[in-house]
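Coordinate inspection notes
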Amino acid sequence: MSTHGGPEKDHGLRLVPFRGLRYVPKQVGSLAAVTSPPYDVVVRPDGLHHLESADPHNIVRLILPQAATPADRNGQAADTLSRWLGEGVLAPDPEPALYVYEQSKGDLLQRGLIGALALSDPADGVVLPHEDVMPHVVADRAGLMRATAANLEPLLLTYRSDGDDSGATAVIDRTIRRAPLLSTTTEDGFSHRLWSVTDPVELEAVSTDLSSRQALIADGHHRWATCLRLRSEQSAPGPWDYSLVLLVDTASYPLQVRAIHRLLHRLPVAHALAALAGTFRVREVPGPLQHAMDALAAAATVGNAFLLAGDGAFHLVDRPDEALLARTVPTDRPAAWRTLDATVLHATLLDHLWSIPDAPEDIGYIHATEAAVEQAERHGGTAVLMHPVREEVVRDLARQGVMMPRKSTSFGPKPASGLVLRSLDLS
């Protein structure tokens, strides 16, 4: 099984082996010190600086290079990758493999398969996106991928098996009984283990099982859109027809679904609240943060609800005026989409009441609740804290071909970046 040649036209997922690029342990301080969260989860600038200082070879220098212009950033990443390969900091595995990847922390355990997945268009119904993407982010990621000719971090995709102990599930269960290629614990408390699968019989068992499966993009919409864009630029079939993914069977390992919060850089809390007069119920709720988030969760069981922070207090915003929603929320999509908190936030609050464009200088998207509040307080903006969407809602909308507003969900745990990379020159 090779990534040379175009993907076969079958009805399901085609996950193929590749020669993984991995850090050489003796060349780095520790494997934990060179890993990073996915590029869009790194809180900048604090988290970026922390990762850069953890080890001079931290993967963040590739996924978030720092320079004055996009061209300089991309060139810097390409030069860094080339240098690390030349110095033996990163080295390819001797033969193509699929990789079993395990993450664990306390009672949480997640296992899946990392491989090169054949790209497919949303209309094919094989890989289902559920969120819109931002063109400037796709352009940014495309420039980086072109320059490095590499998939620097895996996307997170989910599928649902039949729940039995066969196919890919059986391969994973057999593989974890062997000694892993690597084992490390990152500073967030997660333990990570990685194994390679090279046996042709095992690879065929995975291929046969997945050939009838459909996947949901859990994390990595922009990178998937980037890969589709770059595939369209190629003149012949080849390694650009595939993307590096972690594929998790949620029948065996259910993912957690969290919200992604908004940071409104130029809108002070007082101005945000003033614009809501007569349209939403607004109440101040006591802290600490977790207590306020519990109040948000309770309100979200009744209808749309948001928590605003940034002025040292917490303001619960709920019970929107129904006439206002009828005027501002588009009616051309299913009720499940129209009643999403993210839909109401963007259509009613951001577009109508606050008149805030969805541009990076105006809105930041932050996964960590504490970081969103801290940055709003530090810079005089407003953090809009969200309640997560249920996974079944996400999957049902995706199957209908209905896109949720961008950055509506955060599935996890997310794979650590830096444990295995895919060079398109080796594929």
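Residues numbered from 1 in each chain as written. Predicted model: local features only at pLDDT ≥ 70, side-chain atom pairs only at ≥ 80, totals over all residues. Heavy atoms only, no water.

**Structural notes on the pattern of salt bridges**
Inspection of the entire model under this criterion finds 21 salt bridges. Two residues, Arg22 and Asp93, come together in a salt bridge whose shortest N-O distance is 2.9 Å. Of this pair, Arg22 sits in strand β2 (residues 20–23) while Asp93 sits in the loop between β3 (90–92) and β4 (98–105); the two residues are 71 residues apart in sequence, bridging distant segments of the chain. Arg22 sits in the buried class, given a relative accessible area of 14%. Among the ionic pairs, Glu374 bridges to Arg378, the shortest N-O distance being 2.7 Å. Of this pair, Glu374 and Arg378 both sit in helix α14 (residues 369–379), separated by four residues, roughly a single helical turn. (Salt bridge = Lys/Arg side-chain N within 4 Å of Asp/Glu carboxyl O. Helix = DSSP H or I, 4+ residues; strand = E, 2+ residues; numbered from the N terminus. Buried < 20%, exposed > 50% of the residue type's maximum accessible area, 1.4 Å probe, protein only.)

**A few points about the pairing of strand β18 (residues 363–366)**
On β18, burial covers both faces: Ile363 and Tyr365 on one face and Gly364 and Ile366 on the other are all buried. Two elements, strand β14 (residues 261–264) and β18, share four bridges in a ladder whose sense is antiparallel. Of the residues in β18, the one forming a bridge with Leu263 is Gly364. (Pairing = 2+ DSSP bridges.)

**Quick look at the packing of helix α6 (residues 167–175) against helix α7 (residues 200–210)**
Here α6 crosses α7 at 145°, and the two axes come no closer than 7 Å. Each of Gly167, Ala168, Thr169, Val171 and Arg174 in α6 lies in contact with α7, whose residues at this interface are Glu202, Ala205, Val206 and Asp209. Its residues assigned to classes, the contact of α6 with α7 shows four nonpolar, two polar and three charged. (Axes fitted to C-alpha atoms, helices over the stretch in contact; angles between N-to-C directions. Contact = heavy atoms within 4.5 Å. Nonpolar A, V, L, I, M, F, W, Y, C, P; charged D, E, K, R; others polar.)

**So, the environment of Lys26**
Mapped onto the elements of the fold, Lys26 is located in the loop between β2 and α1 (31–34). In this structure Lys26 comes out as exposed when scored by relative accessible area, which is 76%. Separated by 47 residues in the primary sequence, Lys26 and Arg73 place their C-alpha atoms 28 Å from one another.

**Some words on the confidence of the model for the protein**
In the predicted model, the protein carries a mean pLDDT of 93, and 97% of its residues have values of at least 70. Scored below 50 in pLDDT, residues 1–9 shows 30 contacts in the model against residues more than four places distant or in partner chains. (pLDDT = per-residue confidence, 0-100.)

**Some details on the packing of aromatic side chains**
This structure, assessed with the given rule, holds two aromatic pairs. Seen from their ring centres, Tyr23 and Trp84 are 6.2 Å apart, and the 50° between their planes marks the pair as tilted. Within this pair, whereas Tyr23 is found in strand β2, its partner Trp84 is found in helix α4 (residues 70–87), the two being separated by 61 residues in sequence. Accessibility expressed as a relative area gives 1% for Trp84, which makes it buried. Looking at Arg141, its charged tip hangs above the ring of Tyr39, at a distance of 3.9 Å from the centre. Stacked on the ring of Trp337, the Lys or Arg Arg333 has its end atom at 4.0 Å from the ring centre. (Phe/Tyr/Trp six-rings, centres within 6.5 Å; stacked < 30°, edge-to-face > 60°. Lys NZ or Arg CZ within 6 Å of the ring centre and 35° of its normal.)

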